[in-house]
Amino acid sequence: MVKSTRTSGARTPGGRHAVVVGGSLAGLLAAHVLTAHADRVTVVERDRYPEGPVPRAGVPQSRHPHVLLEAGQLALEELLPGFLGELRAAGAPRVGMPEDMVQWQNGRWFTRLPATTHLYTGSRAQLEQLVRRRVLADPAITVAEGTDAVGLLGDASRVRGVLLRDRGAAPDARPRPVEADLVVDASGRGTKAPRWLADLGAEAPPEEVIDTGLAYASRVYRDTTGTLGGHALGINIVPNPAQPYGAVVLPLEDGTHIATMSGLRGDEPPTDEEEFTAYAKKLPHPLVHRWLRDSEPLTPVRGFGRTSNVRRRYDLPGRRPAGFLATGDALCTFNPIYGQGMAVAALNAVALRDALADPRRTPSTARVQRALLAASRQAWDISAGADKKMPGVLGNALTVTAADRLAGPYLRRVQDRYPGDPVIGPAFRSVLTLTAPLTSVFAPKVVRAVLFGPAPRTPAEPPMTA
């Protein structure tokens, strides 16, 4: 584990070295944090970074909608002061919830009350480029682009570096060793680290999996109908066990909108352009179908289907080496439909910073890894908890706990009432945006509204004005 803290700008040619595998959002933010504890930080990225904010192959979800939840905004601003100003200056749309969104959930349209939280809905490529520009300006950080990590150096007691190979090299090409005091796996949902650890004689982490089989497809449009961009900024149809089809239409930084539809295993949205539009007829209201039919499509339809929730339990007992950490999707990945991934990547970086800088405790690998997992726990509880209830769900983490059974009836009342209640709504949204713990919905005034308040009236049709 890297333990020393660099307190001046001086750097030695050698010194402590950290390697981060993966140069997307989680990896870049981890590298930024590690510059306070290592003389050199190397980011290993299999792609070559584009010049501008364009999608790249290593982020297959980048052509689909992304939202930056409020907790992620706060974390990014803490890590990179002034970042939200840069995001706004770049044109990223800021959508107030529930004021700016036409939303349907559990059979109800939301009352468009004044916003209590905001989402940034610009493209993933734009946000990542802004982060990349800030982080890589630090001369302590270098990037090995077009490079694959293919293994770890060390043994079952300690990781001492990584094995790298130029991308495109022959499969039997000999990898080059790069020594490091700390290796951080930020390689994402498709991480190979469990296998690499087993190759060292260590134990791979147990994995918890919850998979609804959800798939989605997206297309960018120009709104030629006048429906969005004035009184409403987006549309959101939230699926549930009784109605498994979802849709979202969100504004992008260039004035266009990205529309996504989702469905479960066996009834996935098509990527054929005509069939994509027709699929919207499955939704509980024709609003989205009419919008797709009458707006101008600008891109092909693109699909995505790797949406299972997977949590790798590096915190559990087992033979695992010092000097190795996992963060971001390589540690805990969520069904993307909940929009948590970017926020959790930033929260992980804050947790890494705080655990390494804690003056009360030695930052051992195990302790820091527990802190990283704790930073993702609430997001896991939300996405995994909701997905457990979906029809056809598969996985090894589907057990309903005693706490689930005890709180279930109360939380169902919360979800039924928050579309129109001015007390319950803000409290529950603060939980969903990861800015407040679940206990917030058990505050006395919220409990009174949930248990004894009148059922709120909500619009019978899509509320196109706030």
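Predicted model only: the values in this text are computed from it and were never measured. (Residues numbered from 1 in each chain as written. Predicted model: local features only at pLDDT ≥ 70, side-chain atom pairs only at ≥ 80, totals over all residues. Heavy atoms only, no water.)

Looking now at the overall build of the protein. Helix and strand counts for the protein stand at 13 helices and 22 strands. For a compact globule of 466 residues, the expected C-alpha radius of gyration is about 23 Å, and the protein comes in at 23 Å, within 12% of that figure. Per element, the accessible surface of the protein, about 19,700 Å² overall, is 53% carbon and sulfur. (Helix = DSSP H or I, 4+ residues; strand = E, 2+ residues; numbered from the N terminus. Rg over C-alpha atoms; globule rule 2.2 N^0.38 Å. Areas by Shrake-Rupley, 256 points an atom, 1.4 Å probe, with all protein chains shown as cover.)

Here the focus is the packing of helix α8 (residues 341-357) against helix α9 (residues 365-375). Where α8 meets α9, the closest approach of the two axes is 8 Å, and the angle between their N-to-C directions is 150 degrees. Here α8 lies roughly antiparallel to α9, going by the angle between them. Pair α8 / α9 crosses with right-handed handedness. Counting all contacts with α8, which are made through L347, N348, A351, L352, A355 and L356, the residues of α9 involved are V368, A371, L372 and A375. Taken together, the residues that form the contact of α8 with α9 break down as nine nonpolar, one polar and no charged. (Axes fitted to C-alpha atoms, helices over the stretch in contact; angles between N-to-C directions. Parallel < 35°, antiparallel > 145°, perpendicular 65-115°, else oblique. Left-handed = near helix turned anticlockwise from the far one by under 90°. Contact = heavy atoms within 4.5 Å. Nonpolar A, V, L, I, M, F, W, Y, C, P; charged D, E, K, R; others polar.)

Bringing unusual backbone geometry into the picture now. A cis amide bond links M97 to the next residue, P98, at an omega of 5 degrees. Within the element layout of this structure, P98 appears in the loop between β3 (94-97) and β4 (101-105). A positive phi is found at N106, a non-glycine position, where the angle reads about 50 degrees. One can find N106 in the loop between β4 and β5 (108-109). Exposure remark for N106: the relative accessible area of 30% places this residue in the partly exposed category. In this model, L434 sits at a positive phi of 65 degrees, which is unusual for a non-glycine residue. Here L434 shows up in the loop between α12 (424-432) and α13 (444-452). (Buried < 20%, exposed > 50% of the residue type's maximum accessible area, 1.4 Å probe, protein only.)

Bringing the sheet that holds strand β8 (residues 147-154) into the picture now. Either a parallel or an antiparallel arrangement is found when strands of a sheet pair, and the pairing is made through backbone hydrogen bonds. Strands sit in the order β8-β9-β10 across an open sheet of three strands; the sheet is antiparallel. Looking along the sheet, the strands with just one partner apiece sit at the ends: β8 and β10 (176-179). Sheet twist, expressed as the mean angle between neighbouring strand axes with direction ignored, is 35 degrees. (Pairing = 2+ DSSP bridges.)

Bringing empty space enclosed by the protein into the picture now. Scanning all chains against the criterion turns up two cavities of 30 Å³ or more. Each pocket or cavity is described by its volume, and for the largest cavity that value is around 70 Å³. Classifying every residue of the lining of the largest cavity gives six nonpolar, two polar and four charged. By volume, the second largest cavity is sized at about 40 Å³. Taken together, L87, A92, Y120, G122, S123, Q126, L127 and M342 form the lining of the second largest cavity. (1 Å grid on protein atoms, 1.4 Å probe; cavity = no way out; pocket = protein on both sides within 12 Å on 5 of 7 lines; lining within 4 Å. Points joined across faces, edges and corners; volume = space filled by probe spheres on them.)

To continue, consider the sheet that holds strand β22 (residues 394-395). Across the sheet, four strands lie side by side as β21-β19-β12-β22; this open sheet has antiparallel pairing. Here the strands that pair on one side only, and so sit at the sheet edges, are β21 (332-333) and β22. Strand direction decides the pairing type here: strand β12 (residues 207-211) and strand β19 (residues 309-312), joined by four bridges, are antiparallel. Within β19, the position partnered with E208 by the bridge is R311. Sitting on the sheet, helix α10 (residues 377-387) is in contact with β12, β19 and β21, with an inclination near 140 degrees to β19.

To continue, consider the layout of surface pockets. Rolled over the atoms, a probe sized like a water molecule indicates the empty space that remains. By volume, the second largest pocket is sized at about 330 Å³. Counting residues per element, the ones that place at least two in the lining of the second largest pocket are α4 (124-135) and β13 (215-222). The biggest single contributor to the lining of the second largest pocket is β13, with three residues. Across the lining of the second largest pocket, the residue classes tally to seven nonpolar, eight polar and six charged.

Here we come to the pattern of salt bridges. Per the stated rule, a full pass over the model turns up 24 salt bridges. We note a salt bridge from D148 to R46, for which the minimum N-O separation is 3.5 Å. On the criterion of sequence distance, the pair formed by D148 in strand β8 and R46 in the loop between β2 (40-44) and α2 (70-79) is long-range, its members being 102 residues apart. Using a relative accessible area of 39% as the deciding quantity, one classes R46 as partly exposed. One salt bridge connects E208 with R313, and the closest N-O pair in it is separated by 2.9 Å. Highlighted residues: E208 in strand β12 and R313 in the loop between β19 and β20 (324-326), separated in sequence by 105 residues. Residue R313 is classed as buried on the basis of its relative accessible area of 14%. Residues joined by salt bridges that share partners form a network here, namely E45, D47, R56, R124, E128, R132 and R167. (Salt bridge = Lys/Arg side-chain N within 4 Å of Asp/Glu carboxyl O.)

All told, the structure shown has seven aromatic pairs when counted by the stated rule. Look at Y216 and F304: their rings are 5.6 Å apart centre to centre, the planes differ by 35 degrees, and that puts the pair in the tilted class. One end of the pair, Y216, is in strand β13; the other, F304, is in strand β18 (residues 302-304), with 88 residues separating them in the sequence. For F304, a relative accessible area of 10% corresponds to the buried category. Feature note: the residues F110, Y418 and F428 constitute an aromatic cluster, connected by ring pairs. (Phe/Tyr/Trp six-rings, centres within 6.5 Å; stacked < 30°, edge-to-face > 60°.)

Our next topic: the nonpolar core. Formed by 103 residues in total, the largest nonpolar core has its most connected members in L29, L34, F83, L87, V131, L152 and L352. With 11 residues, the top contributor of residues to this core is α8. Leave out the neighbours within four places in its chain, and V131 touches L25, L28, L29, L76, L80 and F83. Within the second largest apolar cluster, 23 residues are counted, among which are I237, F276, Y279 and L292. (Core = buried A, V, L, I, M, F, W, Y, C linked by side-chain atoms within 4.5 Å.)

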